[in-house]
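So you can see what is in the structure, the chains are spelled out below.
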Amino acid sequence: MRAFFSKAPATTSQTLDTENIPQHIAIIMDGNGRWAKSRGLPRMAGHHSGMKTVKRITMAAERLGVKYLTLYAFSTENWKRPKAEVEFLMKLPQEFLSIELNELIEKNVQVRMMGYKGDLPDHTLHAVEEAIRKTANNTGLVLNFALNYGSRKEMIEAVRQIGYSVQAGDLQPDEIEESHLANHLLTAGMPDPDLLIRTSGELRLSNFMLWQLAYSEMWFTDVYWPEFAEEHFHEAIQEYQRRARRYGGL
Ligand code: FPP
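Note that the structure is predicted; figures quoted are calculated from it, not measured.

**Some points on the site of the ligand**
1) Next: The environment of the ligand is formed by 18 residues, the closest being Gly33, Arg34, Arg43, His47 and Arg81.
2) Next: Measuring from an oxygen atom of the ligand, one finds a backbone N or O atom of Gly33 at 3.1 Å.
3) Next: Within the contact set of the ligand, an oxygen atom lies 2.9 Å away from a side-chain nitrogen or oxygen of Arg43.
4) Next: A total of 620 Å² of accessible area belongs to the ligand in isolation, and the protein chains cover 91% of it.
5) Next: Of all elements in the fold, only α1 (32-38), α2 (43-64) and α3 (83-106) reach the threshold of two or more residues within the shell around the ligand.
6) Next: Broken down by element, the residue count for the shell around the ligand peaks at four residues, all from α2.
7) Next: Residue composition of the shell around the ligand, by class: eight nonpolar, six polar and four charged.

Next comes the structure, spelled out in structure tokens:
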């Protein structure tokens, strides 16, 4: 049964264990198109509404003291969408940051981007780079936009870099360890996600953080991203807090 917002349990931050807030939460923000369709609206209206959810959940994460929030905003496969939709999606970071950057700065949020910058339109890249620059010294929540991100490409690039080190004689194949790969991923220096959330009822990873999610707890909801509320976010964290993380041990 679809868990619409109105039927969601009233989970508040008071019911959460403040000592066990996930340090890193990653979200696959899915269902914008279906949300729009269910209301007879164009897909773009869904993406626009999804942008407002980005603000809502960023602020909720900041209030809870989450350290890293990684949001899957555009994948390396999303270029296959109709040109008009791609162009619309590429304008959203700019629109979001033009409205929200001051408040993000005020809340000590540090904006980052994880993805391949070379293919992004100039206006998208400039907006993101400006936000990265203006928040670089902030020490609060790290808001990490996965933009033109694909996990397989990320791993291929990492393997290529390791290959160069081997070729140069700086590294022996037998010496390659997990840390070599991790240090060449776009998440180098960040902890792996503790919790992955995917909205809209789809149960797959869609080329998102395949290495980094190895031991993450996963939480799926039928709720479409535009209607994903703070209560749903708290519900996901509450469920995370009920889980025993064993990392393959007992
Ligand atoms: C997937 O839903 C969503 C996307 C590909 C885009 C996600 C983007 C946002 C939520 C806005 C980003 C905002 C900023 C500030 C970067 P879908 O369109 O595939 O939904 P569907 O599966 O229902 O069609």
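**A closer look at the UniProt feature "active site" (unreviewed entry) in the chain**
1) Next: When the UniProt feature table is mapped to this numbering, "active site" (unreviewed entry) covers Asp30 and Asn78. With the annotated positions falling across 49 residues, the maximum pairwise C-alpha distance of 12.4 Å places them together in a single cluster.
2) Next: Note on Asp30: relative accessible area 17%, which makes it buried.
3) Next: Setting aside anything within four residues of it in sequence, one finds Asp30 in contact with Arg198, Thr199, Ser200, Glu202, Tyr224 and Trp225.
4) Next: Inspection of the secondary structure puts Asn78 in the loop between β2 (68-75) and α3.

**As for the environment of Thr139**
1) Next: You can see Thr139 is positioned in the loop between α4 (122-135) and β4 (142-149).
2) Next: Thr139 gets classed as exposed once you look at its relative accessible area, which sits at 58%.
3) Next: Sequence separation between Thr139 and Lys107 is 32 residues, and the spatial gap between their C-alpha atoms is 9.6 Å.
4) Next: Not counting the four nearest positions on each side in its chain, Thr139 is found in contact with Lys67 and Asn108.
5) Next: Polar contacts involving the side chain of Thr139 include one to the side chain of Asn108, which spans 2.9 Å.

**What to know about the nonpolar core**
1) Next: With 46 residues, the main nonpolar core has Ile25, Ile27, Ile197 and Phe233 as its most contacted residues.
2) Next: Looking at this core element by element, the count peaks at eight residues for α3.
3) Next: Ignoring sequence-local partners within four residues, the contact set of Ile197 consists of Ile25, Ala26, Ile27, Ile28, Trp219, Phe228, Phe233 and Ala236.
4) Next: Residues Ala26, Tyr72, Leu196 and Leu213 belong to the second largest nonpolar core, which totals 10 residues.

**Re a negative patch on the surface**
1) Next: Judged by side-chain charge, Asp174, Glu175, Glu177 and Glu178 come together as a negatively charged surface patch.
2) Next: Note on placement: Glu178 falls in helix α6 (residues 178-183).

**What about the side chain of Thr135?**
1) Next: Relative to the helices and strands, Thr135 is located in helix α4.
2) Next: You can call Thr135 buried: its relative accessible area is 0%.
3) Next: Apart from the residues within four sequence positions on either side, Thr135 is in contact with Leu101, Ile105, Val109, Gln110 and Val111.

**Brief notes about the pattern of salt bridges**
1) Next: As enumerated under the stated definition, the model contains 21 salt bridges in all.
2) Next: Notably, a salt bridge pairs Lys83 with Glu87, separated by 3.2 Å at the nearest N-O pair. Highlighted residues: Lys83 and Glu87, both in helix α3, separated by four residues, approximately one helical turn.
3) Next: Residue Glu87 is classed as partly exposed on the basis of its relative accessible area, which comes to 41%.
4) Next: Across the pair Arg243 and Glu239 runs a salt bridge whose closest N-O atoms are separated by 2.9 Å.
5) Next: Its relative accessible area of 28% is what places Arg243 among the partly exposed residues.
6) Next: Residue classification places Glu239 among the partly exposed residues on the basis of a relative accessible area of 23%.
7) Next: Put simply, Asp194, Glu217, Glu239, Arg242, Arg243 and Arg245 are held in one network by salt bridges that share partners.

Rules and cut-offs
- Residues numbered from 1 in each chain as written.
- Predicted model: local features only at pLDDT ≥ 70, side-chain atom pairs only at ≥ 80, totals over all residues.
- Heavy atoms only, no water.
- Near = heavy atom within 4 Å.
- Polar contact = N/O pair within 3.5 Å; in protein donor to acceptor, adjacent residues only side chain to side chain.
- Areas by Shrake-Rupley, 256 points an atom, 1.4 Å probe, with all protein chains shown as cover.
- Helix = DSSP H or I, 4+ residues; strand = E, 2+ residues; numbered from the N terminus.
- Nonpolar A, V, L, I, M, F, W, Y, C, P; charged D, E, K, R; others polar.
- UniProt positions renumbered as here; feature names shortened; annotations may be inferred.
- Buried < 20%, exposed > 50% of the residue type's maximum accessible area, 1.4 Å probe, protein only.
- Contact = heavy atoms within 4.5 Å.
- Core = buried A, V, L, I, M, F, W, Y, C linked by side-chain atoms within 4.5 Å.
- Patch = residues over 30% accessible without salt bridge, like charges linked within 9 Å, V, L, I, M, F, W, Y side chains within 5 Å.
- Salt bridge = Lys/Arg side-chain N within 4 Å of Asp/Glu carboxyl O.
- Lys, Arg positive; Asp, Glu negative; His and termini not counted.
- Charge placed at Lys NZ, Arg CZ, Asp CG, Glu CD.

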